[in-house]
Amino acid sequence: MEDQENFAHNVRVAGQGIETAEYELAVADAEEKKIIAQVMIQAELAAGCKTNAAQLRAADENPQVFEVRLARGKAKGKLAAAKSNMVAAEMEFKLWQSNMATTRFDKRIYNS
């Protein structure tokens, strides 16, 4: 029973990690969109970039946009790591479950 609670705890911890990572990714996405929009407006007003393509190019060249895109990439990496922790917790439980089934089967065969 203690093993089951440990596995459940591991899954809960991994779930909390996924929740945090999802939130950080959502914040990073919103921040990226906000910064890109601001830089596009600045490009239109200051540099006279009238077309969407010109504004996007100006945004792509902006170091602030580069940094916010890196932050978004880091958030995606954290989410991937949290999901892999969840998979690892599930695999650990399935391995334990398989071992318990094998033990029960052996007990039936050998009447121990």
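Up top is the structure.
Values in this document were obtained by computation on a predicted structure and should not be read as measured data.

## Thoughts on the overall build of the chain
Counting secondary structure elements, the chain contains 3 helices and 0 strands. Start at the N end of the chain and walk to the C end: the helices and strands fall as α-α-α. Radius of gyration (C-alpha) of the chain: 25 Å, far over the 13 Å computed for a compact globule of 112 residues. Within the chain, the proportion of its 112 residues that are buried is 21%. Restricting the contact set of the chain to residue pairs at least 6 apart, pairs at least 24 apart contribute 74%. Accessible surface, the chain: about 8200 Å² in total, of which carbon and sulfur atoms supply 58%. Within the chain, the 16 negative side-chain charges are centred at a point lying 4 Å from the centre of the 15 positive side-chain charges.

## Overview of the pattern of salt bridges
Enumeration according to the criterion identifies 7 salt bridges in this entry. Where Arg-72 meets Glu-32, a salt bridge forms, and the shortest distance between an N and an O atom there is 3.2 Å. One end of the pair, Arg-72, is in helix α3 (residues 63–110); the other, Glu-32, is in helix α1 (residues 2–46), with 40 residues separating them in the sequence. Residue classification places Arg-72 among the partly exposed residues on the basis of a relative accessible area of 26%. Using a relative accessible area of 12% as the deciding quantity, one classes Glu-32 as buried. Here the residues in one salt-bridge network are Asp-29, Glu-32, Asp-60, Arg-69 and Arg-72, joined through shared partners.

## A word on the packing of α1 against helix α2 (residues 52–61)
Where α1 meets α2, the closest approach of the two axes is 8 Å, and the angle between their N-to-C directions is 115°. Between α1 and α2 lies a crossing of right-handed hand. Contacts between α1 and α2 pair Ile-36, Val-39, Met-40, Ala-43 and Glu-44 from the former with Asn-52, Gln-55, Leu-56, Ala-58 and Ala-59 from the latter.

## What about α1?
If you check α1, its first and last C-alpha atoms are 65 Å apart, about what 45 residues at 1.5 Å a residue would give, namely 66 Å. Along α1, the residues that are buried comprise Phe-7, Ala-14, Ile-18, Ala-21, Leu-25, Ala-28, Glu-32, Ile-35, Ile-36, Val-39, Met-40 and Ala-43. Once α1 finishes, Gly-48 follows within two positions and takes phi at roughly 75°, a positive value.

## Regarding the nonpolar core
Judged by nonpolar contacts, Ala-14, Ile-18, Ala-21, Leu-25, Ala-28, Ala-75, Leu-79, Ala-82 and Met-86 together constitute the single largest core of 9 residues. Within the residue set of this core, elements represented by two or more residues are α1 and α3. Residue contributions to this core peak at 5 residues, all from α1. Residue contacts for Ala-14: discarding those within four places in its chain leaves Ala-82, Asn-85 and Met-86. Listed in part, the 7 residues of the second largest apolar core include Ile-35, Val-39, Met-40 and Ala-59.

Reading guide: rules and limits
Residues numbered from 1 in each chain as written. Predicted model: local features only at pLDDT ≥ 70, side-chain atom pairs only at ≥ 80, totals over all residues. Heavy atoms only, no water. Helix = DSSP H or I, 4+ residues; strand = E, 2+ residues; numbered from the N terminus. Rg over C-alpha atoms; globule rule 2.2 N^0.38 Å. Buried < 20%, exposed > 50% of the residue type's maximum accessible area, 1.4 Å probe, protein only. Contact = heavy atoms within 4.5 Å. Areas by Shrake-Rupley, 256 points an atom, 1.4 Å probe, with all protein chains shown as cover. Lys, Arg positive; Asp, Glu negative; His and termini not counted. Charge placed at Lys NZ, Arg CZ, Asp CG, Glu CD. Salt bridge = Lys/Arg side-chain N within 4 Å of Asp/Glu carboxyl O. Axes fitted to C-alpha atoms, helices over the stretch in contact; angles between N-to-C directions. Left-handed = near helix turned anticlockwise from the far one by under 90°. Expected span 1.5 Å × (residues − 1). Core = buried A, V, L, I, M, F, W, Y, C linked by side-chain atoms within 4.5 Å.

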